[in-house]
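Structural overview for review
Letter by letter, the chains look like this.
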Amino acid sequence: MGFEYLTNQIIVKDKNYEMPFSKGILARSLTAAGLKPSIAYSIAREIEEMLKEEGVKVINKDELRRRVYYYLIDKNYCHIAEKYLLWRRILKKHPIIILIGGASGVGTSTIAFEIASRLGIPSVIGTDSIREVMRRSISKDLVPMLYESSYTAWKAIRTPLPENCNIYITGFERHIEPVLIGVEGIIDRSLTEGLSVIIEGTHLVPGFISEKYTTMPNIIFIVLTLSSEEFHKKRFSARARVSNRPMERYLKHFKIIRMINNYIVDQAKKNNIPVVENVSISQTVEKCLEIITEKFINLDDGNDDDF
Ligand SMILES: Nc1ncnc2c1ncn2[C@@H]1O[C@H](COP(=O)(O)OP(=O)(O)OP(=O)(O)O)[C@@H](O)[C@H]1O
Ligand SMILES: O=C(O)[C@@H](CO)OP(=O)(O)O
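The shown structure was predicted, so the numbers you read here are calculated from the model rather than taken from an experiment. (Residues numbered from 1 in each chain as written. Chains lettered and ligands numbered in written order. Predicted model: local features only at pLDDT ≥ 70, side-chain atom pairs only at ≥ 80, totals over all residues. Heavy atoms only, no water.)

**A word on the site of ligand 2**
Selection rule: For each residue, the test is whether any non-hydrogen atom lies within 4 Å of the molecule or strand; if one does, the residue is near. Whenever a nitrogen or oxygen atom comes within 3.5 Å of another N or O atom, the pair is scored as a polar contact, on the condition that within protein one atom can donate a hydrogen and the other can accept it, and that pairs from neighbouring residues in sequence are kept only if both atoms are in side chains. Surface exposure here means Shrake-Rupley accessible area, sampled with a 1.4 Å probe, where a residue is shielded only by the protein chains that are shown. In this analysis a 1.4 Å probe is tested at points of a 1 Å grid over the protein atoms alone, and where it fits but cannot get out there is a cavity; an open set with protein on both sides within 12 Å along at least five of seven lines is a pocket; lining residues have an atom within 4 Å of a point. Cavities and pockets are treated as containing a molecule whenever more than half of the molecule's atoms lie within 2 Å of their grid points. As a working rule, the residues Ala, Val, Leu, Ile, Met, Phe, Trp, Tyr, Cys and Pro are called nonpolar, Asp, Glu, Lys and Arg charged, and the rest polar, with Gly in that last group.
In the region of ligand 2, the neighbouring residues are Ser-104, Asp-128, Arg-131, Ser-149, Ser-150, Tyr-151, Thr-202, Arg-245 and Tyr-250. Within the contact set of ligand 2, an oxygen atom lies 2.6 Å away from a side-chain nitrogen or oxygen of Tyr-151. Burial of ligand 2 by the protein amounts to 85% of the accessible area it has alone, namely 310 Å². More than half of the atoms belonging to ligand 2 lie within 2 Å of the grid points that define the second largest pocket. Counted by class, the shell around ligand 2 contains two nonpolar, four polar and three charged residues.

**Examining the domain arrangement of the chain**
We count it as follows: Where a domain begins and ends is set by an automatic assignment or by a domain database. In this description, contact between two residues means that some pair of their heavy atoms is separated by no more than 4.5 Å. Any Lys or Arg side-chain nitrogen found within 4 Å of a carboxyl oxygen on Asp or Glu counts as a salt bridge. To qualify as a helix, a DSSP run of H or I must reach at least 4 residues; to qualify as a strand, a run of E must reach at least 2; elements of each kind are numbered from the N terminus.
The assigned domain composition of the chain is domain 1 (3-92) and domain 2 (97-299). Taking only C-alpha atoms, the centre of domain 1 and the centre of domain 2 are 33 Å apart. Taken residue by residue, the interface counts ten residues in domain 1 and eleven residues in domain 2. On inspection of domain 1 and its partner domain 2, the count reaches zero salt bridges. In terms of residue count, the dominant contributor to the side of domain 1 that touches domain 2 is helix H4 (residues 78-93) (six residues).

**Considerations on the layout of surface pockets**
Put simply, the rule reads: Grid points are joined across faces, edges and corners, and a volume is the space filled by probe spheres set on the points.
Taken as a whole, the largest pocket holds about 1,100 Å³ of empty space. Taken domain by domain, the lining of the largest pocket gets at least three of its residues from each of domain 1 (3-92) and domain 2 (97-299). Here the second largest pocket is characterised by a volume of approximately 600 Å³. The wall of the second largest pocket is formed by 31 residues, among which Gly-105, Thr-108, Ser-109, Arg-239 and Arg-245 lie closest to the centre. At the level of elements, helix H5 (108-119), helix H6 (127-137), strand E6 (197-201), helix H9 (229-242) and helix H10 (247-252) are the ones that each hand at least two residues to the lining of the second largest pocket. If one sorts the elements of the lining of the second largest pocket by residue count, H5 sits on top with five residues. When its residues are assigned to classes, the lining of the second largest pocket shows nine nonpolar, 15 polar and seven charged.

**Quick word on helix H1 (residues 23-32)**
Inclusion rule: Remark: exposure states derive from per-residue accessible area (1.4 Å probe, protein chains only) relative to the maximum for the residue type, with buried under 20%, exposed over 50%, and partly exposed in between.
If you check which residues of H1 are buried, you get Leu-26, Ala-27, Ser-29, Leu-30, Thr-31 and Ala-32. Elements that come into contact with the buried residues of H1 comprise helix H2 (37-53), helix H3 (61-74), H4, H5 and helix H12 (281-296). Taking the backbone nitrogen of Gly-24 as reference, a side-chain oxygen 3.3 Å away marks Ser-22 as the first, capping residue of H1. Immediately beyond the C-terminal end of H1, within one or two residues, lies Gly-34, with a positive phi of roughly 115°.

**Brief notes about the sheet that holds strand E1 (residues 11-13)**
Stated precisely, the cut-off is as follows: The pairing criterion is simple: DSSP has to find at least two bridges between the two strands. Fitted lines through C-alpha atoms serve as axes, helices being fitted only where they are in contact, and the angles separating the N-to-C directions of these axes extend from 0 to 180 degrees.
Spatially, three strands are ordered E2-E1-E3 in an open sheet, and the strand pairing comes out mixed. The two strands at the open ends of the sheet, each matched to only one other strand, are strand E2 (18-20) and strand E3 (58-60). Neighbour to neighbour, the strand axes of the sheet diverge by 25° on average, direction disregarded. The pairing of E1 with E2 spans three bridges and is classified as antiparallel. Residue Val-12 lies in a different strand from E2, and its bridge partner there is Met-19.

Okay, here's the thing in structure tokens:
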């Protein structure tokens, strides 16, 4: 028995599943195309009302996309309509992989989830989770840095370093290397399965991920930063209010976290990876979506008949 027997809502059907029409889901994909959230939500509501007035009970996704597209054109949102369709086409035909790096606390997970929600990408993987898996497969004796945090990894260095070497950055580099093995494994798997994914976290550092991946047309890498130390500090207290991560730990190591932030930004500049200031969530997401759209526009074959 399908949903249509259980609810008076319109049912949206895809090849493999069906679900009740959601104004929220439609509104999010409209914001990805550049509409303000409040306008996106009213348009989603208008489209739902229009379909209900027409007596539509079930609609397949391609037809819904076509209806949304022409509704936007009708309302003079031609540019938004094109972008909306562009994203639907790209995600339908190509797995895309978005890598979002940045020092602890700059907001990689927050921004990754926002982007995923707007683009309808079902999977966000944090490098902290990948690190946890790698910890189960590599012994502490072999790579003690892996068992530390990014900003305490230097404590596990046992061999003497050259004189001018920055011990904090060396510790960080040794900490991220094994995690990147897991990251590359997830990228390979996503490409094989044809699934889009966003990977986020402090372990994604430009110059450390093999060029084989960073030069692929369907993989994009963005680095987030916070130039203001004051804002960065406040993020740890904001997070501590809603999670089990005590701000004291991060404030205690704040100088090293800032060093790591500057290092990641330098690496991004050296490797031509875009760097985005994460001051306001909405502006950061908009900027990231602009960068992502510009990169993936080339994947689109421009076949307008394809909804
Ligand atoms: N643009 C922003 N404006 C205000 N607060 C933000 C913004 N981005 C993130 N935050 C908040 O800052 C805190 C830290 O963000 P988040 O947990 O996403 O950082 P992170 O980079 O993933 O850190 P880590 O790598 O340590 O997990 C959270 O409380 C989050 O809600
Ligand atoms: O290593 C780090 O920088 C952070 C990243 O989230 O993890 P934790 O503080 O939990 O070790």
